[in-house]
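# Structural overview
Here's the letter readout for the chains.
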Amino acid sequence: MQTAKNLPSSAHVAVDMVLDTAYQNISGPQWKELFSFARKSHIPEFIEDLFSGKHVNLSEDRPALHSALRNLSKTPVILDGQDVMPSVTKVWQRIDALCNQWVGVTDVIHIGIGGSDFGPRLAIEALAHVPDIDSRGMRMHFLANIDTAELARILAKALPHSTRVIIVSKSFTTLETTMNAKAIVAWLKKSGLTQSQINKALFAVTANVSGAKAFGVEEDHIFPFWDWVGGRYSVWSAVGLPIALQYGFKTFEEFLAGAHAMDLHFRNAPLEENLPVIMALALLHQQEKDGIKSYAAIPYADALDWFPKWLQQLDMESNGKSVGKDGKPAKHSSPVVFGSAGSNAQHSYFQLFHQGSEVIPIDFIAVRKPMSDLPEAVAHHRILLSNCLAQAQALAHGKDASNPNDVYPGNRPSNLLLLPELNAFYLGALLALYENRAATLGALWNINSFDQPGVEYGKVLAKPIEKALGSGSNHVEANDSIDAVTAARINLLNS
Ligand code: F6P
């Protein structure tokens, strides 16, 4: 482990990652109060419950054991009297074996949406730049949207006879995923593959093994994960299969190892040194102080451009709720999260950060090492880092001027999170840091972070609307499930 030299007093280190909260503008006594609030909110007990498999997902009466999926030390995790690690290890062995079997594969189509898409998509992109990464050079296609534009783009490139398909769905009932999977199977058939060749090409990752079998995936091509993976944001199970297939099982293990190291830190470090807890408390402080309604994550690393999208699902699907675990209104819940890679983001919405009327806290995420080995890398990287530091400083202090247009109000809080380099290990640590932070925030807000009932209603309403659209009639009338506005829109579309 490296130790950071010249560490500012406002900084903390975990898994070689430095978190500097200097620009949060939180005084010593305020930090004390925040930590004491965390204790009053039973955060240490919550962390222990989370790791030991207690049913922290109250509405679905399940644990949320993401940590077991990256528990490379294989210490037993007992659930209902049984250690889950042998099943987890068995899946790792099957992933490893599959990596060696896929020789001559030109294209992999990963079909999945939401939590079954963001994590692997982010990891494939983020690691592509690592100079000495052992890339197998397959074209890795991600098919999520029901919009056939994405499907068409993929089918224009993929070679059907050397394509493998992975259908990833925890429930195996998600409409986008099953429809896209059917479309891919139809394309394979149309391309002249026999049924046995199609069977050979088709794989599934799911908690609903019987659903995958019913779809036509052979049993030994199904990689299971389990109901105890509460919430939907896990890339750590076989959902992360593309990482192993593209970059080798060793890289996948490094990814898990980084996350596991962050878990050990989260479970064992005192609150005052605990990165996920500190970040959660800083956000809570800004909610209490400025009533902030949004925050931004800006990775100064082009390879992490997908990170904010991954984070949006993690934070907003987990914690975007207004009712607490006790059924009463929650005082706070997830702010809106957004962001994109710096320095591009500076040329887009940073104007609002500096001079807008709202305070928007920012996580600046920087990487110490340049992210390519091009001759220009060192010089460009210095500019990237100086931009990152300058933005944080400008936001913190602001600037006075006689012309009101030139005034920067300042006092705009931010974190600096510094990664030693961007590789599989630190990517794993970064994602686990934010997952643990989301869980901590849920516990501080007394919110169940591990279910997502709010996404269901729209899905239910879409069914009668689809039927009405399919009828071709432009005389649809409002009824119990279609209101007058929507009926008029259906009639417009059917005209
Ligand atoms: O949008 C709702 C949701 O259930 C997400 O939570 C999930 O990540 C996504 O749909 C896909 O679900 P599944 O993995 O079951 O297909």
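Calculation notes
- Residues numbered from 1 in each chain as written.
- Predicted model: local features only at pLDDT ≥ 70, side-chain atom pairs only at ≥ 80, totals over all residues.
- Heavy atoms only, no water.
- Helix = DSSP H or I, 4+ residues; strand = E, 2+ residues; numbered from the N terminus.
- Rg over C-alpha atoms; globule rule 2.2 N^0.38 Å.
- Buried < 20%, exposed > 50% of the residue type's maximum accessible area, 1.4 Å probe, protein only.
- Contact = heavy atoms within 4.5 Å.
- Areas by Shrake-Rupley, 256 points an atom, 1.4 Å probe, with all protein chains shown as cover.
- Lys, Arg positive; Asp, Glu negative; His and termini not counted.
- Charge placed at Lys NZ, Arg CZ, Asp CG, Glu CD.
- Pairing = 2+ DSSP bridges.
- Right-handed = clockwise from strand over helix to strand, strands pointing away.
- Near = heavy atom within 4 Å.
- Polar contact = N/O pair within 3.5 Å; in protein donor to acceptor, adjacent residues only side chain to side chain.
- Nonpolar A, V, L, I, M, F, W, Y, C, P; charged D, E, K, R; others polar.
- Salt bridge = Lys/Arg side-chain N within 4 Å of Asp/Glu carboxyl O.
- Axes fitted to C-alpha atoms, helices over the stretch in contact; angles between N-to-C directions.
- Parallel < 35°, antiparallel > 145°, perpendicular 65-115°, else oblique.
- Left-handed = near helix turned anticlockwise from the far one by under 90°.
- Phe/Tyr/Trp six-rings, centres within 6.5 Å; stacked < 30°, edge-to-face > 60°.

A word on the overall build of the chain. The helix and strand inventory of the chain stands at 17 helices and 13 strands. For 495 residues, the compact-globule estimate of 2.2 N^0.38 gives 23 Å, and the chain sits close to it at 24 Å. Counting only C-alpha atoms and orienting by the principal axes, one finds that the chain spans roughly 70 × 60 × 55 Å. Relative to its full complement of 495 residues, the chain shows a buried share of 53%. Look at the contacts in the chain between residues 6 or more apart in sequence, and 73% of them connect residues 24 or more apart. Entry remark: accessible area of the chain is about 22400 Å², with carbon and sulfur atoms responsible for 53%. With 42 positive and 49 negative side-chain charges, the chain shows a separation of 2 Å between the mean positions of the two kinds.

What follows deals with the pairing of strand 10 (residues 294–299). Counting buried residues in strand 10 gives six out of six residues, a clear majority hidden from the surface. Neither face of strand 10 is open: one carries Ser294, Ala296 and Ile298, the other Tyr295, Ala297 and Pro299, and all of them are buried. In terms of strand pairing, strand 10 meets strand 11 (residues 336–338) through three bridges, oriented parallel. In the sheet register, serine 294 faces strand 11, and the bridge partner there is valine 336. As a crossover connection, the stretch from strand 10 through helix 12 (residues 307–319) into strand 11 is right-handed. Across four bridges, strand 10 lies against strand 12 (residues 362–367) in parallel orientation. Counted as the bridge partner of alanine 296 is isoleucine 362 from strand 12.

Another point: unusual backbone geometry. Residue serine 343 follows glycine 342 across a cis peptide bond; omega there is 10 degrees. Checked against the element boundaries, serine 343 lands in the loop between strand 11 and helix 13 (350–355). In the Ramachandran plot, valine 15 falls in the positive-phi region, its phi being about 50 degrees despite a non-glycine side chain. Along the polypeptide, valine 15 turns up in the loop between strand 1 (11–14) and strand 2 (17–20). The exposure class of valine 15 is buried, given its relative accessible area of 5%. The phi dihedral of asparagine 446 is positive, around 60 degrees, even though this residue is not glycine. Looking at where asparagine 446 falls in the secondary structure, it is placed in the loop between helix 15 (424–445) and helix 16 (456–471).

Let's shift gears to the side chain of serine 414. By the secondary structure assignment, serine 414 is in strand 13 (residues 414–419). When residues no more than four places from it in sequence are discounted, the contact partners of serine 414 are Asp20, Tyr23, Gln24, Ile362, Phe364 and Ala392.

Inspection of the region around the ligand gives 14 residues, with Ser116, Ser169, Ser171, Thr174 and Glu317 positioned closest. In this structure, an oxygen atom belonging to the ligand sits 2.6 Å away from a side-chain N or O atom of serine 171. Between glutamine 313 and the ligand, the recorded distance is 3.1 Å, taken from a side-chain N or O atom to an oxygen atom. Coverage of the ligand by the protein amounts to 91% of the 390 Å² it exposes when considered alone. Taken together, the residues of the shell around the ligand break down into two nonpolar, eight polar and four charged.

Let us look at the pattern of salt bridges. On inspection of all chains with the given rule, the structure shows 17 salt bridges. Residues arginine 70 and glutamate 435 are paired through a salt bridge, measuring 2.9 Å at the closest nitrogen-oxygen approach. Taken together, the residues span a long stretch of sequence, with arginine 70 in the loop between helix 2 (43–51) and strand 3 (78–79) and glutamate 435 in helix 15 at a distance of 365 residues. Judged by relative accessible area, arginine 70 falls into the buried class, the value being 1%. Between aspartate 315 and arginine 437 there is a salt bridge, with its nearest N and O atoms 3.3 Å apart. Highlighted residues: aspartate 315 in helix 12 and arginine 437 in helix 15, separated in sequence by 122 residues. As far as burial versus exposure is concerned, aspartate 315 and arginine 437 are alike and both buried.

Most of strand 13 sits inside the fold, with five of its six residues counted as buried. When strand 2 meets strand 13, the two strands line up antiparallel, connected through three bridges. What sits directly across from aspartate 20, in strand 13, is leucine 416.

Now for the sheet that holds strand 6 (residues 139–143). Taking strand neighbours across the sheet as the criterion, the five strands line up as 6-5-7-8-9 in an open arrangement whose pairing is parallel. Each of the sheet's edge strands pairs with one partner strand only, and the pair in question is strand 6 and strand 9 (222–224). Across the sheet, the axes of successive neighbouring strands diverge by a mean angle of 15 degrees, strand direction being ignored. Strands strand 5 (107–111) and strand 6 of the sheet are contacted by helix 5 (residues 148–157), whose axis makes an angle of about 160 degrees with strand 6.

Glancing now at the packing of helix 2 against helix 15. Following both chains from N to C, one finds helix 2 and helix 15 inclined at 130 degrees, their axes separated by 10 Å at the closest point. It follows from the interaxial angle that helix 2 and helix 15 lie oblique. Here helix 2 runs over helix 15; the crossing is right-handed. Counted together, Ile43, Phe46 and Leu50 of helix 2 and Ala439, Thr440, Ala443 and Leu444 of helix 15 form the full contact between these two elements. When its residues are assigned to classes, the contact of helix 2 with helix 15 shows six nonpolar, one polar and no charged.

Looking now at the packing of aromatic side chains. Using the criterion set out here, one finds 19 aromatic pairs in the structure. Seen from their ring centres, tryptophan 226 and tryptophan 228 are 5.0 Å apart, and the 0 degrees between their planes marks the pair as stacked. As far as burial versus exposure is concerned, tryptophan 226 and tryptophan 228 are alike and both buried. Both rings, one in phenylalanine 307 and one in tyrosine 434, keep their centres 5.2 Å apart while their planes meet at 75 degrees; by these two values the pair is edge-to-face. You can see phenylalanine 307 sitting in helix 12 and its partner tyrosine 434 sitting in helix 15, a full 127 residues away along the chain. Note on accessibility: phenylalanine 307 and tyrosine 434 belong to one class, buried. Members of the aromatic cluster, connected to one another through ring pairs, are Tyr300, Phe338, Tyr349, Phe350, Phe353 and Phe364.

Honestly, it's all geometry; don't read function into it.
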